Amino acid sequence: MIATLYDDLFEAMVDTRLEPWLNTLRDQLHEVLINTPHGDMTRWQGALSKLPPLNADTVDLETRAVKVSSEEPLSDEASQQLRYALKALCPWRKGPFDLFGEYIDTEWRSDWKWDRLISHISPLSGRQVLDVGCGSGYHMWRMLGAGASRVLGVDPSRLFLMQFEAVKKYIGRDQPVHLLPLKMEDVPPRLRAFDTVFSMGVLYHRKSPIEHLQELHGALRAGGELVLETLVIDGELGEVLMPEDRYAMMRNVWFLPSPDTLLLWLRRSGFRNACVVDMNRTTADEQRTTEWMGFNSLKDFLDPNDHLKTVEGLPAPLRAVVVAEA
Ligand SMILES: Nc1ncnc2c1ncn2[C@@H]1O[C@H](C[S@+](CC[C@H]([NH3+])C(=O)[O-])CC(=O)[O-])[C@@H](O)[C@H]1O
């Protein structure tokens, strides 16, 4: 697997501003995929290898579900094989996907987030894009559908890598979309390589949010665009919530700034013209338990008597999208 990943990437990265990364990338992938194996990796790889060989006649990356379809209906055997292999890669969190009529109803309606931001960002046509914390890669396919010339995602989850590889098998291995199972901290600093960098749902997971913003700034070329989406609180300049322990049952949540505080953090990290373009309270219609993600979801993390509060009594999830220039 590492050989395929690396060969694909090598081809994708020569001739681009990413070349400096090639010196360390092989070692980084080796460290993650070989030296620190995940206990479920063999099972997931088994599932990937059982995906039936199917040819996509149509690929749709521009509407709700990232969708591949064929003109001929699948045989019952192929449908079953497909469903079985995809099910073995549960839980599916970010989507939805529709692979030859198998609709993967993911925990999140990630298309809603996309719809909220797409009219506020610079057109992606011809742009080289980095998606930090890309999950299964759902938004990366939407970025390609919106005209990006190349999309690279980083996300440390090995399961999400497997889900991405399953989808890519059918959309096309030659597509200029790649997922690296790494953290943003592993991206060489000051690459100045990308025209647009997305960081969505990651900032609040970082113990040092300013360092995260500085890393994002360093990944962008001068004048490139940051699209940042994160949890915020209703509040004044200077206000920040740091949960005592969990937030909406998540253990790894550190800082939720007010919108004005977030804009200040961005200015102090070197960004210009930072602007909040959307604010949205997450509902249990957007994040919910489904057949493809059977664990608890948002409704179980909110106070049953007051949906404006989490079970910990903190303000319920409110998300802001900010666009800024490097
Ligand atoms: N340091 C890190 N570097 C890179 N990725 C990270 C890091 N820490 C966590 N992640 C990854 O960031 C993603 C955050 S989810 C947002 C997905 C998508 N962007 C979405 O907007 O729907 C939101 C949530 O789970 O709260 C997960 O896939 C992590 O593995």
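Remember, it's a predicted structure, so these values are computed and weren't measured experimentally. (Residues numbered from 1 in each chain as written. Predicted model: local features only at pLDDT ≥ 70, side-chain atom pairs only at ≥ 80, totals over all residues. Heavy atoms only, no water.)

Colleague: Would you mind going over the site of the ligand with me for this structure?
Modeller: Close contacts around the ligand come from 20 residues, with Lys-113, Gly-133, Asp-155, Met-200 and Tyr-204 the closest. The contact in question runs from an oxygen atom of the ligand to an N or O atom on the side chain of Lys-113, over 2.6 Å. Contact distances for the ligand include 2.6 Å between an oxygen atom and a side-chain N or O atom of Asp-155. Relative to its free-state accessible area of 650 Å², the ligand is covered by the protein chains to the extent of 86%. Taken together, the residues of the shell around the ligand break down into nine nonpolar, five polar and six charged. (Near = heavy atom within 4 Å. Polar contact = N/O pair within 3.5 Å; in protein donor to acceptor, adjacent residues only side chain to side chain. Areas by Shrake-Rupley, 256 points an atom, 1.4 Å probe, with all protein chains shown as cover. Nonpolar A, V, L, I, M, F, W, Y, C, P; charged D, E, K, R; others polar.)

Colleague: Even after reading the chapter, I still don't get the sheet that holds strand 14 (residues 272–281), so can you show me in this structure?
Modeller: In sheet architecture, strand pairing relies on hydrogen bonds along the backbone and comes in two forms, parallel and antiparallel. Strand order in this open sheet of seven strands is 9-8-7-10-11-17-14, and the pairing throughout is mixed. The open sheet has two edge strands, strand 9 (177–180) and strand 14, and neither has a second partner. Between one strand axis and the next, the sheet turns through 15 degrees on average, direction left out of account. In this structure, strand 7 (residues 128–132) lies alongside strand 8 (residues 150–154), joined through five bridges in parallel fashion. For Asp-131, the partnering residue across the bridge sits in strand 8 and is Gly-153. Packed onto the sheet, helix 8 (residues 209–219) meets strand 7, strand 10 (194–200) and strand 11 (220–232) and runs at close to 150 degrees relative to strand 11. (Pairing = 2+ DSSP bridges. Helix = DSSP H or I, 4+ residues; strand = E, 2+ residues; numbered from the N terminus. Axes fitted to C-alpha atoms, helices over the stretch in contact; angles between N-to-C directions. Contact = heavy atoms within 4.5 Å.)

Colleague: What exactly am I supposed to notice about the confidence of the model for the chain here?
Modeller: Close inspection of predicted coordinates is inappropriate in any region flagged by low pLDDT. In this model, the chain carries an average pLDDT of 95, and 98% of its residues clear a pLDDT of 70 or more. Scored as a complex, the prediction yields pTM 0.97 and ipTM 0.99. (pLDDT = per-residue confidence, 0-100.)

Colleague: Is there a simple way to think about the UniProt feature "binding site: carboxy-S-adenosyl-L-methionine" (unreviewed entry) in the chain in this case?
Modeller: Summarizing the sequence annotation, UniProt attributes the feature "binding site: carboxy-S-adenosyl-L-methionine" (unreviewed entry) to Lys-94, Trp-108, Lys-113, Gly-133, Asp-155, Pro-156, Ser-157, Met-184, Glu-185, Met-200, Tyr-204 and Arg-319 in the numbering used throughout. Taking the farthest pair of C-alpha atoms as the criterion, the annotated set spanning 226 residues is dispersed, since that pair is 25.6 Å apart. Its location among the elements puts Lys-94 in strand 3 (residues 94–95). Within the fold, Pro-156 resides in the loop between strand 8 and helix 7 (158–171). Looking at Pro-156, the relative accessible area reads 41%, which means it is partly exposed. Those residues within four positions of Pro-156 in sequence are excluded, and the remaining contacts are Pro-181, Leu-182 and Lys-183. (UniProt positions renumbered as here; feature names shortened; annotations may be inferred. Buried < 20%, exposed > 50% of the residue type's maximum accessible area, 1.4 Å probe, protein only.)

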